[in-house]
Amino acid sequence: FINDILTFDDQQSKQLMDFAAKGNTVFIAANSISGALNANLDFTVTGKRNLLKQKVSVNFFNPRLKTTTAVVFHEHYPTHFDQINPNATALSFLTLDDDEEPKINFISIPHGEGKFLIHTTPEAFSNFNLLHENQEYAAAAMSYVNAEKIYWDEYIKSGRRFISSPLRFILGNQALTWSYYLVMSGLFLFVLFQGKRQQRPIPIIEPQKNSSVEFTKTVGSLYFQHRDFSNAIMKKITFFLERVRSQLLIDTYELSDEFIHKLATKSGKNLSSTKELISLIVYLRDKSIHTEEELIKLNKKIEDFNL
């Protein structure tokens, strides 16, 4: 990781420490390093941000890497370690143009099977300084990285474009994230249950009533009140024979003995009661004038037949 400012949250810090514990090396170079990683590895970085940039000289403690003339970085905001892990090893130091006391700017902190290499002068690894005869210092610093494969970070970089929305800020904080989820769950439950309670009542639609029986009674009462017994008898006979044709599929054109046998067989009635009913119908059909007693008798016979 090489950047001017680096901040690692709890999850990132845990992942890096797990990665180093398995025997890997994590190289970090930044003027300002903050977040959970500082507390976990017990180090702090400090420096003075003057309005005027300063000239900084850097060199190594290791005699095999130390150069006779220190590498100089011009127009630089110097930062260095203020507190160092007791198990850390100081690898490099810097001196300011107005201060002869050296400041540690590069350390190695062992962790598990691996280690952390932390540097406070990321300018040493920039294209500008590598092209101005300062590449020896960068090469010497990188010699502490002994790895067959290197993962180069291009994500945590200053100036990287990202969506700066309120939701991103909320989801970036664990406490606010849980509060957000809790509020959204509450709103969902409110809509779910309150919506059911406030739903308009569905009107009950009554099924249509079968008024044919009432109509028949009304027509029958009309005939009875006018004392038109003959017409009422003919209507009842016609209605009965129509039911015989539609339900039992028997031809009613001729009410003969054969018809009586078919009607008794298909209706499940005894032959004598069937014959009495048909005989009464034949008798009443042949008459021109009828009485109330004959109407009542016919109605009783048809109801007892119960077709």
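Presented here is a report on the structure given in the accompanying data block.

Cut-offs applied
Residues numbered from 1 in each chain as written. Predicted model: local features only at pLDDT ≥ 70, side-chain atom pairs only at ≥ 80, totals over all residues. Heavy atoms only, no water. Axes fitted to C-alpha atoms, helices over the stretch in contact; angles between N-to-C directions. Helix = DSSP H or I, 4+ residues; strand = E, 2+ residues; numbered from the N terminus. Left-handed = near helix turned anticlockwise from the far one by under 90°. Contact = heavy atoms within 4.5 Å. Nonpolar A, V, L, I, M, F, W, Y, C, P; charged D, E, K, R; others polar. Phe/Tyr/Trp six-rings, centres within 6.5 Å; stacked < 30°, edge-to-face > 60°. Buried < 20%, exposed > 50% of the residue type's maximum accessible area, 1.4 Å probe, protein only. Lys NZ or Arg CZ within 6 Å of the ring centre and 35° of its normal. Patch = residues over 30% accessible without salt bridge, like charges linked within 9 Å, V, L, I, M, F, W, Y side chains within 5 Å. Areas by Shrake-Rupley, 256 points an atom, 1.4 Å probe, with all protein chains shown as cover. Salt bridge = Lys/Arg side-chain N within 4 Å of Asp/Glu carboxyl O. Core = buried A, V, L, I, M, F, W, Y, C linked by side-chain atoms within 4.5 Å. Polar contact = N/O pair within 3.5 Å; in protein donor to acceptor, adjacent residues only side chain to side chain.

1. Here we look at the packing of helix H10 (residues 271–286) against helix H11 (residues 292–305)
And then number 1: Here H10 crosses H11 at 145 degrees, and the two axes come no closer than 10 Å. In this structure, H10 crosses over H11, and the sense of that crossing is left-handed. Where H10 approaches H11, its residues Thr-274, Glu-276, Leu-277, Leu-280, Ile-281, Tyr-283 and Leu-284 are matched on the opposing element by Glu-294, Lys-297, Leu-298, Lys-301, Ile-302 and Phe-305.
And then number 2: Class assignment for the residues of the contact of H10 with H11 results in 8 nonpolar, 1 polar and 4 charged.

2. Topic: the packing of aromatic side chains
And then number 1: According to the stated counting rule, one finds 11 aromatic pairs in the structure shown.
And then number 2: Aromatic pair Phe-1 and Phe-8: ring centres 5.3 Å apart, planes at 85 degrees, arrangement edge-to-face.
And then number 3: Aromatic pair Phe-240 and Phe-305: ring centres 5.9 Å apart, planes at 80 degrees, arrangement edge-to-face. With Phe-240 in helix H8 (residues 229–248) and Phe-305 in helix H11, this residue pair connects regions lying 65 residues apart in the sequence. This pair shows no difference in class: Phe-240 is buried, exactly as Phe-305 is.
And then number 4: One aromatic cluster is present, formed by Phe-27, Phe-106, Phe-125 and Tyr-144 through successive ring pairs.
And then number 5: The ring centre of Phe-305 lies 5.9 Å from the NZ or CZ of Lys-269, which sits over that ring.

3. Let's talk about the environment of Met-142
And then number 1: Its place among the elements puts Met-142 in helix H4 (residues 135–142).
And then number 2: C-alpha of Met-142 to C-alpha of Leu-117: the two residues are 25 residues apart in sequence and 9.5 Å apart in space.
And then number 3: If near-sequence neighbours (up to four positions away) are discounted, Met-142 is found in contact with Ile-2, Phe-27 and Phe-125.

4. Let's talk about a nonpolar patch on the surface
And then number 1: Where nonpolar side chains cluster on the molecular surface, the patch consists of Leu-167, Leu-171, Trp-178 and Tyr-181 and spans about 440 Å² of accessible area.
And then number 2: Within the residue set of the nonpolar patch, elements represented by two or more residues are helix H5 (166–171) and helix H6 (174–197).
And then number 3: Relative to the assigned elements, Leu-167 resides in helix H5.

5. Remarks on the nonpolar core
And then number 1: Grouped together as the largest cluster of nonpolar side chains are 22 residues, with contacts concentrated most on Ile-237, Phe-240, Phe-259, Leu-263, Ile-278, Ile-281 and Leu-298.
And then number 2: Of the residues forming this core, the biggest block, 8 residues, is contributed by H8.
And then number 3: Ignoring any residue separated from it by four or fewer positions in sequence, one finds Ile-237 in contact with Ile-281, Leu-284, Arg-285 and Leu-298.
And then number 4: If you look at the next biggest cluster of nonpolar residues, it comprises 20 residues, including Phe-60, Leu-91, Phe-106 and Ala-138.

6. Quick word on the side chain of Asn-31
And then number 1: Relative to the helices and strands, Asn-31 resides in the loop between strand E2 (25–29) and strand E3 (32–35).
And then number 2: Of note is the side chain of Asn-31, whose polar atom sits 3.5 Å from the side chain of Glu-123.

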